[in-house]
Structures are given as C-alpha cells and as structure tokens.
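Below are the chains, spelled out letter by letter.
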Amino acid sequence: MTVEATAKNREPFQERPQGTDVTSASTNDIEFRSVAKRYGSVTAVSDINLAVPKGAFVALLGPSGCGKTTCLRMIGGFEQPSEGTVHIGGQPMNGVPAYRRPVNMVFQQYALFPHLDVEQNVAYGLRQMRPRIPSAEITRRAREALDMVRLGGFGKRRIHEMSGGQQQRVALARAIVNKPKVLLLDEPLAALDKKLRTAMQIELQSLQRELGITFVLVTHDQEEALSMSDFVCVMSTGRIVQMGPPQEIYDRPASLFVADFVGKTNRIAATIEPGAGAVRLANGVGLAKPARANGTTGSVTVALRPEAISLVRNGSATLSGTVTHRIFLGSSVEYSVDVEGLGDFLVTADRRSLDERDLAEPGERIGLSFDPNALHVFPA
Amino acid sequence: MRSATNTKRNLVTAALVAPAAAWLAVFLVLPFMAMLVFAFGERAPEGGYQAAFTFTQFANLPTRAAAFWNTLLLAPAGALLCLLIAYPVAYYLAVKADPRYRLILVSLVVVPFWTSLLVRTYAWMYILGSRGIPNLLSMIGIEDVRMLNTPGAVLLGIVYGYLPLMIMPIYVSLEKLDRRLLEASADLGGKPVSTFFGVTLPLSLPGVMTGVALVTILLLGEYLIPQLLGGGKVFFLGNALVDLFLQSRNWPFGSAIAVTLVAVVVVVLMVAMRVAWKVAGTRQVDLV
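Residues numbered from 1 in each chain as written. Chains lettered and ligands numbered in written order. Predicted model: local features only at pLDDT ≥ 70, side-chain atom pairs only at ≥ 80, totals over all residues.

A.B. asks: Which residues make up the overall build of chain A, and what values go with them?
C.D. replies: Secondary structure summary: chain A contains nine helices and 20 strands in total. Its C-alpha atoms put chain A at 75 × 55 × 40 Å along the principal axes. Among the 380 residues that make up chain A, the fraction classed as buried is 40%. (Helix = DSSP H or I, 4+ residues; strand = E, 2+ residues; numbered from the N terminus. Buried ≥ 20, exposed ≤ 12 C-beta atoms within 10 Å, placed from the backbone.)

See the structure below:
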C-alpha cells in the first residue's frame, strides 16, 4: 500500500508492506507486522499484516484451520509469533505474557471458573489488579458489569446453574469489567441456538458502541462476521485473503474462495476470448462481459450469487432449466435448478406474495434471468 | 409398562451388587459384629474370648496410649508429608510433562508396586541400619548417628511406600483440569502464582482430599513399616493389635482397640468426604 493510503487515515484497514516504519501506530489498537507462526514444520499462519484502528469491530473469518484462532491467541498472549511482531496500543508485545496484556478474551465455551459464583468470576480480573482495588469497589464494579449484560441479581448463582446464554454473558461481563483496550471474542456465539445468537449479535454490537473499545471476533460463521463487524478479514490456509467492510467482501469478493466461503455462490465454467466483449459459458451461451472482469481471459470460473438470479416463466430468460428441488424457508425459497450443460444452480427467491402459484414446482421447466454485471469472473 | 421396566432395572441392579454385598456381609460386617461383642467381653484364662459384659477393655485403652499417639500423629503427618512431595510430582506429570512421555512417566510412578512393600521396606532397614548410611557417615567422622527405629525412619518408610497412592488421585484431578481455565486466569491478569492458588489448587482439591483420606486411612492400620523401621520403639496400633491377638491372646482388649480405631477412621472419613463433596459439587460443571 502506498503513502497516500497511509496518509488518508479514514481507510480503516491498511495492509502494511514489510519493513515500513509506522509512526502513526498509536491510532491503531492492534497491529500485526509480517507475523508468522510455525509449530515445528507446520506453518499455522504466515505473512500476516494487519492494522486495526481504535474502536473498530473486526472479524477474522475463515474455515477451521485457517489460522484465525492462532492470530487471536497471539493477540491474547497465549502464543508467541515465530516471526514478526504483534503490537497492542503501539507497544510491541513479543515476549509479554498474557497476564500483562491490556486485552481480555471471551473464550470459546466461556472457560468460566466452576468453583466460583457468577460475581466472583466477574471480579476475578479486578482482584488481580495491583495496586489492589478495595473490596467494596470490586463488588460495585462487578455488579455494574453484570447489570450491563442484563444479569443483575444473578451474582450469587453458581456457574452450572446458568443457561448457555447466561454463561455467555457472564464471560462477557468478566472480560469487559477490566476495561481492556481490546476485547477478543473466540467463536463466542457458536454454542448458542439461533434465536439467542441473533439477539446476542445485536447485544454485542451495541455493547461495542457503548464501550468504544476495539473488538476482535473470530468466527467461521460468515453471517456472524458480516452482521456484527465493521471490517472483515477473510483468512484461508494461514493467510489473509481479503479485508474490507462486510458489503465489499460480499459484493466484490477478491477470489473464488472468498465468493464461495462468504455467502452461497454458483460456480460456472466459462471462457473469455482475448479482445472479445463476451463471456461464453460452458454450454455455449454468450453474455456481456461484466465491467469488473478487467483483462481476465482464457478459461475462467464465473461466480453468481443465488439471490442475483430470478426465476421467470416467460421466454426472456438468459438460461433455462428444470427445477429439481425446492427448499421452503418461509420468507424465501431456495431452488435447485438443473441447467443443461452447466449443472445445478442454486436460486434464492424472496416470496413476493402469498399466492402459491408463485412457487415453482419440482420438475417444472423454468427460465433463469440475471444481470450479467452480477457475475464475478475469476481465473479458473 | 413403566413399573415393569423399573422392576427389571432393580433386579439387574440387585444382581450386580449382590456378590460384593454378600462378600462384605460375610467378611466385614459379621467379623466386625464379633469384634464389637468381644470388646465388651473378658480374656479367657487360657487366652481368647470369654463371654461377659464389661467396660474394662475400654478402661484399659490408656495403657496403649503410646500406640494411639504414634498412630494418630504419624499417620496424618505421613499423609501430609506425602501430599507435600506428591503434589509437585503430580503437577509436573499432569501439566508440565511432554504429553508424549506422560504415560511412561505415570507408569514409572506405579513401578515400585511391582515389588512387595515388605522387600522394599527391608531394603530401607539395611540402608538406615548400622551397616548403611550411619556406617558411611562414621567413615567421614560423624559417629553414632541413629537412623533406624526413629519416628523419622518410620515417616521416611511411609512416604516411600505411600507416595504413589497420593500422586495418582492428584494427578487425575489435575489432568482433568481444563487448560482454558488457566488461560482465562492469565488473560484476566492472574500471574502464575495467583493462577495456581486461585484456580489450579481449588480445582484439584477433590484429588487432594481423596489422596489424603486414602493414605491416612491406610496408615491408621499400618503394621509393616513401624514393625521394620520403628523396631520396638516406634509402634502403631497395628503392631499393638498383632501383639494382643497373637502373642498375649487377649482378644477382648485387641477388639476394643480395633473398634476404637474403626471409630476414628469413620470420623476421619466423614470429615474428609464432607470437604471433598463441598468442592466436588462445583467441579461437575467443567466436565460438561
């Protein structure tokens, strides 16, 4: 990235080239500079350059084994980078143990202390502080934190008397009570059911705004990453493959992997002749080349979001096929449509009316219509 | 339907428990009853038991005060000494040791059990006896060191013989300890020492209690170690019982001592269990 990009500090994410001397470090709560982590001969992550500005809500998103948790653990101080440095609040953190870092973590499965009650769990961090905080002050702040996560009055409960969602909030209170610079969240919602998860997503978001501290969320759930964070950092096999605001990640995936992993996608084999203004799909259908395709030529894979396709019953369709499956989801319907020469297409259709005749039936011949500009072209 | 399955389940339970229950009834409860009866009886002129109802035997207990004191002092002291030595070992095995070698290291703890305790304690007799360490010490000018037949020798034998029994339960409870709780403590600013006293130790208390109770109870009935390493000088109730039953054939007095000892064991056990349960009640959660 150029000097220009560094200068306009509005750009929230800056990928730093190796060896750049960063003087504006204090505006960033977390920085990874050329970080790599190896376990013996296995490389967990490599070439991680990342700068998270103060007060951002960042999601590290990727499939399991992509290195996102390793990155989080390097911020927390549970792992030390094999190469490069992790900075927190402008300070290099290499060799600094977890208990001296100004960060707190909400662990996967929460890791609450089973031998302490709810309030003692929340007060644990405050009790470690030196100089010591007076007991009454600790109690007051622990209760305040519990109120904040709407668990006021639950202080004397044992951990095993709390439901999963309540335990999750105890873990949250236990972390935020220490007023960390950065809050780390390791798959915090994975153990909750869908309804609770949605509620917690909203709660986390408003809590982050209220506290104004930097949140770093690790998740494999793209919906969670997109819905909660300001910035998403997509990782694959130990590397960052794309960073940006959620809508940019979704609308302009940088690679086929991102397109596939973030949201559902249809992959279509196609070719682009050099100089030609058209994309020729594998079944011979030619389409106007999307503006974003740039100079990509030869064999390509075209990605198309299921919701970008509409099913039409008249003849004006781009492609046509046979409905093989219909999955009714209530507010929307997912169809699997077999298009000759191209295979199965996934199509998501919002329900526009209560009229049952609007639903396509399995076995029905149907047209697929979409804007060629909705296509994403990637080298095959 | 439901009661039928319940009946069946009860039958299965009964069938599973019956052998052990029968065994205990015949070889534990009945002898103990006999012992209770004997304790209130009199010694027959030619030795053994003679029917009577008297508290004489219990009134005579103070004549064996030394054995009581030795037992009630050295058994808990030995258990405590075992604990102090066993905890770091168990901690190393469960937390610090390389997982690849853990199994080997843990089995090494049990290896001493492959040889009889008698043989191993005999070896200590020679090591501590006049031809052992005191002999070596006299070579460098330190004369007249008595090691054998002292409380120290008995304690050493106790630690040597019972250490594995203390290491194992502590190792198990530390091994079950969720590592993420230690990380959580560090994350919340807990230095290693406060993490140990705030998380590791309280969560391993059930193992500690089990170990202490196990070793203490076994030690209360210990015979071999005081016999060999304490000589006639440091003796336990076990040694007194052997004397009374086999030498002077004073069964009623022996029974009274045994009954009193059992009463003490029961009290120790109840206290230990109460403490262990109190802690264990909260331990269930981290298994979920």
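Having seen the model, we can carry on.
A.B. asks: How would you explain the overall build of chain B if you had to name every residue and give the values?
C.D. replies: Counting secondary structure elements, chain B contains 12 helices and two strands. Its C-alpha atoms give chain B a radius of gyration of 24 Å, more than 25% over the compact-globule value 19 Å for 288 residues. Across its three principal directions, the C-alpha atoms of chain B cover 80 × 75 × 30 Å. Put simply, 75% of the contacts in chain B that link residues at least 6 apart link residues at least 24 apart. (Rg over C-alpha atoms; globule rule 2.2 N^0.38 Å. Contact = placed C-beta atoms within 7 Å.)

A.B. asks: Could you give an account of the UniProt feature "domain: ABC transmembrane type-1" (unreviewed entry) in chain B, naming the residues involved and the relevant values?
C.D. replies: Residues annotated in UniProt with the feature "domain: ABC transmembrane type-1" (unreviewed entry) correspond here to residues 68–272 of chain B. For residues 68–272 of chain B, helix accounts for 80% and strand for 0%, while the C-alpha atoms at its two ends are 20 Å apart. (UniProt positions renumbered as here; feature names shortened; annotations may be inferred.)

A.B. asks: Could you give an account of the interface of chain A and chain B, with specific residues and numbers?
C.D. replies: With 20 residues of chain A at the interface, the matching set in chain B holds 21 residues. Listed by contribution, the elements that provide at least two residues to the side of chain A that touches chain B are strand S6 (103–106) and helix H3 (118–128) of chain A. Per-element tally for the side of chain A that touches chain B: the top contributor is H3 of chain A, with three residues. Residue composition of the side of chain A that touches chain B, by class: 12 nonpolar, seven polar and one charged. (Nonpolar A, V, L, I, M, F, W, Y, C, P; charged D, E, K, R; others polar.)

A.B. asks: Provide a residue-level description of helix H8 (residues 179–187) of chain B, including the pertinent values.
C.D. replies: Burial of H8 of chain B is extensive: seven of the nine residues sit out of reach of the surface. Buried within H8 of chain B we find Leu-181, Leu-182, Glu-183, Ala-184, Ser-185, Ala-186 and Asp-187 of chain B. Here the buried face of H8 of chain B lies against helix H2 (68–76) and S6 of chain A together with helix H9 (192–220) of chain B. At the C-terminal side of H8 of chain B, Gly-189 of chain B shows a positive phi close to 95°.

A.B. asks: Give me the lowdown on the nonpolar core, citing residues and values where you can.
C.D. replies: Within the largest apolar cluster, 161 residues are counted, with the highest numbers of intra-cluster contacts made by Val-58, Ile-75, Ala-173, Leu-184, Val-216 and Cys-233 of chain A together with Ala-90 of chain B. With residues up to four places along the chain from it excluded, the contact list for Ala-173 of chain A reads Val-122, Ala-145, Leu-146, Met-148, Val-149 and Leu-151 of chain A. (Core = buried A, V, L, I, M, F, W, Y, C linked by C-beta atoms within 7 Å.)

A.B. asks: Explain the domain arrangement of chain B to me, and be specific about the residues and the numbers.
C.D. replies: Domain boundaries in chain B define domain 1 (1–33) and domain 2 (64–287). Relative placement of domain 1 of chain B and domain 2 of chain B: their C-alpha centres are 33 Å apart. (Domains from an automatic or database assignment.)

A.B. asks: With reference to specific residues and values, describe the domain arrangement of chain A.
C.D. replies: Looking at the assigned domains, one finds that chain A contains domain 1 (3–102 + 180–256) and domain 2 (264–379). Taken over C-alpha atoms, the centre of domain 1 of chain A sits 34 Å from the centre of domain 2 of chain A.

A.B. asks: Would you mind going over the sheet that holds strand S17 (residues 332–339) of chain A in detail, with residue names and values included?
C.D. replies: Residues and elements named next belong to chain A. Taking strand neighbours across the sheet as the criterion, the five strands line up as S15-S19-S16-S17-S18 in an open arrangement whose pairing is antiparallel. Because the sheet does not close on itself, it has two edges, and the strands there are strand S15 (310–312) and strand S18 (343–350). With direction set aside, neighbouring strand axes in the sheet form an average angle of 45°. Of the pairings in the sheet, the one linking S15 to strand S19 (residues 365–369) comprises three bridges and is antiparallel in character. (Pairing = 2+ DSSP bridges. Axes fitted to C-alpha atoms, helices over the stretch in contact; angles between N-to-C directions.)

A.B. asks: Report on the sheet that holds S6 of chain A, specifying residues and quantitative values.
C.D. replies: Residues and elements named next belong to chain A. The sheet built from six strands is open, its strands ordered S6-S7-S8-S3-S9-S10 with mixed pairing. Every interior strand has two partners, whereas the edge strands, S6 and strand S10 (239–244), have only one. Mean inter-strand twist for the sheet, computed between neighbouring axes without regard to direction, equals 20°. In terms of strand pairing, S6 meets strand S7 (residues 182–186) through four bridges, oriented parallel. Across the sheet, Met-105 pairs through a bridge with Leu-184, a residue of S7. Running over the sheet, H2 touches strand S3 (57–61), S6, S7, strand S8 (214–219) and strand S9 (231–236) and is turned about 145° from S7. Its contacts with the sheet place helix H5 (residues 164–176) against S6 and S7, and it is angled at close to 175° to S6.

A.B. asks: Talk me through the UniProt feature "transmembrane region" (unreviewed entry) in chain B; I want residue IDs and the actual numbers.
C.D. replies: According to UniProt, the positions carrying the feature "transmembrane region" (unreviewed entry) are residues 12–40, 67–91, 103–127, 153–174, 195–219 and 253–277 of chain B. Span residues 12–40 of chain B is 97% helix and 0% strand, its end C-alpha atoms 41 Å apart.

A.B. asks: A description of the pairing of S3 of chain A should follow, citing residues and the corresponding values.
C.D. replies: Residues and elements named next belong to chain A. Within S3, five of the five residues are buried, leaving the element largely enclosed by the surrounding structure. Taking every second residue as pointing to the same face, both faces of S3 are buried, with Phe-57, Ala-59 and Leu-61 on one and Val-58 and Leu-60 on the other. With five bridges connecting them, S3 and S8 associate as parallel partners. Bridged to Val-58 within S8 is Val-216. Note that S3 and S9 share four bridges and pair parallel. Of the residues in S9, the one forming a bridge with Val-58 is Phe-231.

A.B. asks: Let's hear about the packing of H3 of chain A against helix H4 (residues 135–148) of chain A: which residues, and what values?
C.D. replies: Residues and elements named next belong to chain A. One way to put it is that H3 packs onto H4 with a least axis distance of 9 Å and a crossing angle of 125°. Classified by the angle their axes make, H3 and H4 are oblique. Pair H3 / H4 crosses with right-handed handedness. Where H3 approaches H4, its residues Glu-119, Val-122, Ala-123, Leu-126 and Arg-127 are matched on the opposing element by Ile-138, Arg-141, Ala-142, Ala-145 and Leu-146. The residue inventory of the contact of H3 with H4, partitioned by class, reads seven nonpolar, no polar and three charged. (Parallel < 35°, antiparallel > 145°, perpendicular 65-115°, else oblique. Left-handed = near helix turned anticlockwise from the far one by under 90°.)

A.B. asks: Tell me about the packing of helix H3 (residues 65–96) of chain B against helix H11 (residues 237–247) of chain B, and please be specific about residues and values.
C.D. replies: Residues and elements named next belong to chain B. Running from N to C, H3 and H11 point in directions that differ by 145°, and their axes come no closer than 8 Å. Counting all contacts with H3, which are made through Ala-67, Phe-68 and Thr-71, the residues of H11 involved are Leu-237, Asn-239 and Ala-240. Class assignment for the residues of the contact of H3 with H11 results in four nonpolar, two polar and no charged.

A.B. asks: Before we move on, could you go through unusual backbone geometry and cite the residues and values that matter?
C.D. replies: Of note, the bond from Arg-130 of chain A into Pro-131 of chain A is cis; its omega dihedral lies within 30 degrees of zero at 0°. Summarising the element assignment, Pro-131 of chain A is placed in the loop between H3 and H4. Look at Gln-109 of chain A: it is not a glycine, yet its phi comes out positive at around 60°. Examined against the element boundaries, Gln-109 of chain A turns out to sit in the loop between S6 and H3. Judged by the 18 C-beta atoms lying within 10 Å of it, Gln-109 of chain A falls in the partly exposed class. Backbone geometry at Asp-144 of chain B places phi at a positive 55°, although glycine is not the residue there. Assignment of secondary structure puts Asp-144 of chain B in the loop between helix H6 (133–139) and helix H7 (151–176). Classification of Asp-144 of chain B by C-beta neighbours within 10 Å gives exposed; the count is 7.

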